[in-house]
Amino acid sequence: MSSTPSTHPDQDSSGDGARRGVRALTGDTFSFAAAVGGVRGVVEAVLPGLVFVVVFVVTEDLTWSLVASCGAALLAVVARLVQRTPVTQALGGVLGIAVGVFWAWRTGEAEDFYAVGLWTNAAYLLAFLVSIAVRWPLVGLFVEAVRAGFSDLSGARRTPDDDGDATHDADGAGVGQESGASSFAALAAWRSDADLVRRYTIASWFWVGLFAVRLAVKVPLYLDGDVGWLGTMHLVLGVPLWGLVLWLTWVVVRGAHRGDSAGEPTTR
């Protein structure tokens, strides 16, 4: 379970066109607020975990803590449904909370609310290390997938423009098939560029550091059953650290492709 906002490579749900999650890595500028999903996205990501740890510390009752956490997650979905705004990110939060709630309820141990998140971070850590070792750094795959427009290929008659955003083309399905083939080719083409491989490898090490820090801090607390500090560190090492690593990644990969705007990185 994670307190990190969704990294689905879509525009921010506010509809202002700002890039969030992985898609922020392909922008000419970087906005912390937009990248982490905006204020609402952060609240939706953090609130269920915050409610869980606060209620548990106050009551020491696992059942009430789990119910309160689920209620906070569901409230975010209901609010979006009432306001008729996209519910993808809120639903993702519900799924993450549901897994943690099920595991803690099954074992009867409050610290197991965070167990799935620890396993997930360990899996990501291993995946990034392996990708670096075989010279297929995962950051490169993620960024090139966004640049190639993979998030746009699910819709008919859609092709990626130069920024990886979706545009419509009157040529229909044939263009979509051609775009899909070129998109898959782009996932491997970057490996022939030594500078791109170097940049993506450096950036991937940032993510190795993120997952390693989380595990180094949270695993001992989990083993000690210290739910109060475990929950606190889960929040501290969630959105804030994720946003920082996302920005560091953007600094390294920005301008890696010929034709990207020159100049020093700037943030909003």
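Residues numbered from 1 in each chain as written. Predicted model: local features only at pLDDT ≥ 70, side-chain atom pairs only at ≥ 80, totals over all residues. Heavy atoms only, no water.

**Side note on the overall build of the protein chain**
Note the following rule: We count a stretch as a helix when DSSP gives it H or I for four or more residues in a row; a strand needs E for two or more, and each element gets its number in order from the N terminus. Throughout this description, buried means an accessible area under 20% of the type-specific maximum (1.4 Å probe, protein chains only), exposed means over 50%, and partly exposed covers the range between. Here, residues are in contact when the closest pair of their heavy atoms is within 4.5 Å. In these tables, accessible area is a Shrake-Rupley quantity obtained with a 1.4 Å probe, and a residue counts as shielded only by the protein chains included in the view.
Of the regular secondary structure elements, the protein chain holds 10 helices and 2 strands. Walking the protein chain from its N terminus toward its C terminus, one meets helices and strands in the order α-α-α-α-α-α-β-β-α-α-α-α. Across the 268 residues of the protein chain, 44% fall into the buried class. When contacts within the protein chain are restricted to residue pairs at least 6 apart in sequence, long-range pairs at least 24 apart make up 66% of them. Summing over all exposed atoms, the protein chain offers an accessible surface of approximately 13400 Å²; the carbon and sulfur share of this is 64%.

**Considerations on the nonpolar core**
The line we're drawing: Definition used in this section: a nonpolar core is a set of buried Ala, Val, Leu, Ile, Met, Phe, Trp, Tyr and Cys residues joined via side-chain atoms within 4.5 Å.
Within the largest apolar cluster, 37 residues are counted, with the highest numbers of intra-cluster contacts made by Leu25, Phe128, Val139, Tyr200, Trp207, Leu210 and Leu246. Of all the elements in the fold, those that place two or more residues in this core are α2 (38-59), α5 (115-133), α6 (138-147), α8 (194-224) and α10 (239-253).

**Remarks on the pattern of salt bridges**
Rules: Should a side-chain nitrogen of Lys or Arg be within 4 Å of a carboxyl oxygen of Asp or Glu, the pair is scored as a salt bridge.
Using the criterion set out here, one finds 3 salt bridges in the structure. Residues Glu44 and Arg80 are paired through a salt bridge, measuring 2.6 Å at the closest nitrogen-oxygen approach. Taken together, the positions of Glu44 in helix α2 and Arg80 in helix α3 (residues 62-83) put the pair 36 residues apart, joining distant regions of the chain. Under the relative-accessibility criterion, Arg80 is labelled buried at 2%. Where Asp195 meets Arg199, a salt bridge forms, and the shortest distance between an N and an O atom there is 2.9 Å. Of this pair, Asp195 and Arg199 both sit in helix α8, 4 residues apart, roughly one helical turn. Bridged by salt links that share partners, the residues Asp195, Arg198 and Arg199 form one connected network.

**Description of the confidence of the model for the protein chain**
Formally: Values of pLDDT, ranging from 0 to 100, describe the predictor's confidence in every residue of the model.
Taken residue by residue, the protein chain gives an average pLDDT of 78. The fraction at 70 or more is 73%. Confidence over residues 260-268 falls short of pLDDT 50; this stretch has 20 contacts with residues more than four positions distant or in other chains.

**Concerning α10**
What counts is decided by this rule: Any helix carries an expected span of 1.5 Å times its number of residues minus one.
In a regular helix each residue adds 1.5 Å, so 15 residues correspond to 21 Å; α10 covers 21 Å between its end C-alpha atoms and thus fits that length. Inspection of α10 places Val239, Leu241, Trp242, Gly243, Val245, Leu246, Thr249, Trp250, Val252 and Val253 among the buried residues, and these make up the whole buried set. Two residues or fewer past α10, Gly255 is found with a positive phi of approximately 75°.

**Some details on the environment of Trp190**
Among the secondary structure elements, Trp190 is positioned in the loop between α7 (173-189) and α8. A sequence separation of 10 residues divides Trp190 from Tyr200, and the C-alpha atoms of the two residues are 10.0 Å apart. For Trp190, the contacting residues outside a window of four places in its chain are Trp136, Pro137, Gly140, Leu141, Glu144, Leu196, Val197 and Tyr200.

**Some points on the packing of aromatic side chains**
To keep things clear, this is the line we draw: Ring geometry is summarised as follows: Phe, Tyr and Trp rings, the Trp one being its six-membered ring, pair when their centres sit within 6.5 Å, and such pairs are stacked at plane angles under 30 degrees, edge-to-face over 60 and tilted between the two.
Throughout the structure, instances matching the rule amount to 15 aromatic pairs. When the ring of Phe30 is compared with that of Phe32, the centres are 5.3 Å apart and the planes differ by 80°; the resulting orientation is edge-to-face. Owing to a relative accessible area of 36%, Phe32 belongs among the partly exposed residues under this scheme. Centre to centre, the rings of Phe52 and Phe56 are 6.3 Å apart; their planes meet at 10°, and the pair counts as stacked. Here Phe56 and Phe52 lie together in helix α2, a separation of 4 residues that amounts to about one turn. Taking relative accessible area as the criterion, Phe52 reaches 0% and is therefore assigned buried. The exposure class of Phe56 is buried, given its relative accessible area of 18%. Put simply, the rings of Tyr124, Phe128, Phe142, Trp207 and Phe211 pair up and form one aromatic cluster.

**Details of the environment of Ala34**
Looking at the secondary structure, you find Ala34 in helix α1 (residues 32-35). Judged by its relative accessible area of 9%, Ala34 falls in the buried class.

**Side note on α2**
Selection rule: Two axes enter the bend calculation: one fitted to the seven residues ending at the residue in question, the other to the seven starting there, and the bend is the angle between them.
Helix length check: α2, at 22 residues, gives a terminal C-alpha distance of 32 Å against a target of 32 Å (1.5 Å per residue), a fit within 8%. Remark: the principal bend of α2, roughly 35°, maps to Val46, with a proline, Pro48, within the next four residues. Of the residues flanking the end of α2, it is Glu60, one or two places downstream, whose phi is positive at about 55°.

**So, a nonpolar patch on the surface**
Our working rule: Residues qualify for a patch when their relative accessible area is over 30% and they have no salt bridge, like charges being joined within 9 Å and the nonpolar side chains of Val, Leu, Ile, Met, Phe, Trp and Tyr within 5 Å.
On the surface, Val39, Val43, Leu47, Leu50, Val54 and Val58 cluster together into a nonpolar patch covering about 520 Å² of accessible area. With respect to the secondary-structure elements, Val54 resides in helix α2. Among the residues examined, Val54 registers a relative accessible area of 43% and is labelled partly exposed.

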